[in-house]
Amino acid sequence: MKYLKINIEENADPEVLKNIVLQLKGVASAEIVDDENPQSELKKAFAKTKEQLKTGDYETLVNDIFDIIIKK
């Protein structure tokens, strides 16, 4: 999978840009990452994992873990 990193200006609305990017042909997903606030990303990851465990979505959970291991 390939990724595209876009740096935005401080006054730009990331949600609006995300919605615009999602409308482009060939875009599977878009995610807002705040490098200045990594704790919020960690909280999101834990919340996602917790929800996956609640719903029994173990396959996606395992795939996410392997993606993390492979990337590092």
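Residues numbered from 1 in each chain as written. Predicted model: local features only at pLDDT ≥ 70, side-chain atom pairs only at ≥ 80, totals over all residues. Heavy atoms only, no water.

## Some words on the overall build of the protein chain
Right, on to step 1. In terms of regular secondary structure, the protein chain is built from 3 helices and 0 strands.
Right, on to step 2. Tracing the protein chain from N to C terminus, the helices and strands come up as α-α-α.
Right, on to step 3. At 14 Å, the protein chain has a C-alpha radius of gyration far larger than the 11 Å of a compact globule built from 72 residues.
Right, on to step 4. Overall size of the protein chain, expressed as C-alpha extent along the three principal axes, is 35 × 30 × 25 Å.
Right, on to step 5. Across the 72 residues of the protein chain, 4% fall into the buried class.
Right, on to step 6. Accessible surface, the protein chain: about 7,000 Å² in total, of which carbon and sulfur atoms supply 57%.
Right, on to step 7. Positive and negative side-chain charges in the protein chain, numbering 11 and 14 respectively, have mean positions lying 4 Å apart. (Helix = DSSP H or I, 4+ residues; strand = E, 2+ residues; numbered from the N terminus. Rg over C-alpha atoms; globule rule 2.2 N^0.38 Å. Buried < 20%, exposed > 50% of the residue type's maximum accessible area, 1.4 Å probe, protein only. Areas by Shrake-Rupley, 256 points an atom, 1.4 Å probe, with all protein chains shown as cover. Lys, Arg positive; Asp, Glu negative; His and termini not counted. Charge placed at Lys NZ, Arg CZ, Asp CG, Glu CD.)

## Some remarks on a nonpolar patch on the surface
Right, on to step 1. Taken together, the side chains of Leu4, Ile6, Ile8, Val16, Leu17 and Ile20 make up a nonpolar region of the molecular surface, amounting to roughly 570 Å² of accessible area.
Right, on to step 2. The residue Ile6 is located in the segment before α1 (14–22) in this model. (Patch = residues over 30% accessible without salt bridge, like charges linked within 9 Å, V, L, I, M, F, W, Y side chains within 5 Å. Salt bridge = Lys/Arg side-chain N within 4 Å of Asp/Glu carboxyl O.)

## Focus: the confidence of the model for the protein chain
Right, on to step 1. For the protein chain, mean pLDDT is 83; residues scoring 70 or higher make up 90% of the total.
Right, on to step 2. When mean pLDDT is taken per element in the protein chain, α1 scores highest with 91 and helix α2 (residues 38–55) scores lowest with 78. (pLDDT = per-residue confidence, 0-100.)

## Quick word on the environment of Pro14
Right, on to step 1. Here Pro14 lies in helix α1.
Right, on to step 2. In this structure the C-alpha to C-alpha distance between Pro14 and Ser29, which are 15 residues apart in sequence, comes to 14 Å.

## A word on the pattern of salt bridges
Right, on to step 1. Per the counting criterion, the structure on display carries 1 salt bridge.
Right, on to step 2. In this structure, Asp64 engages Lys48 in a salt bridge whose closest nitrogen and oxygen atoms are separated by 3.3 Å. Of the two residues, Asp64 is situated in helix α3 (residues 58–71) and Lys48 in helix α2; the sequence distance between them amounts to 16 residues.

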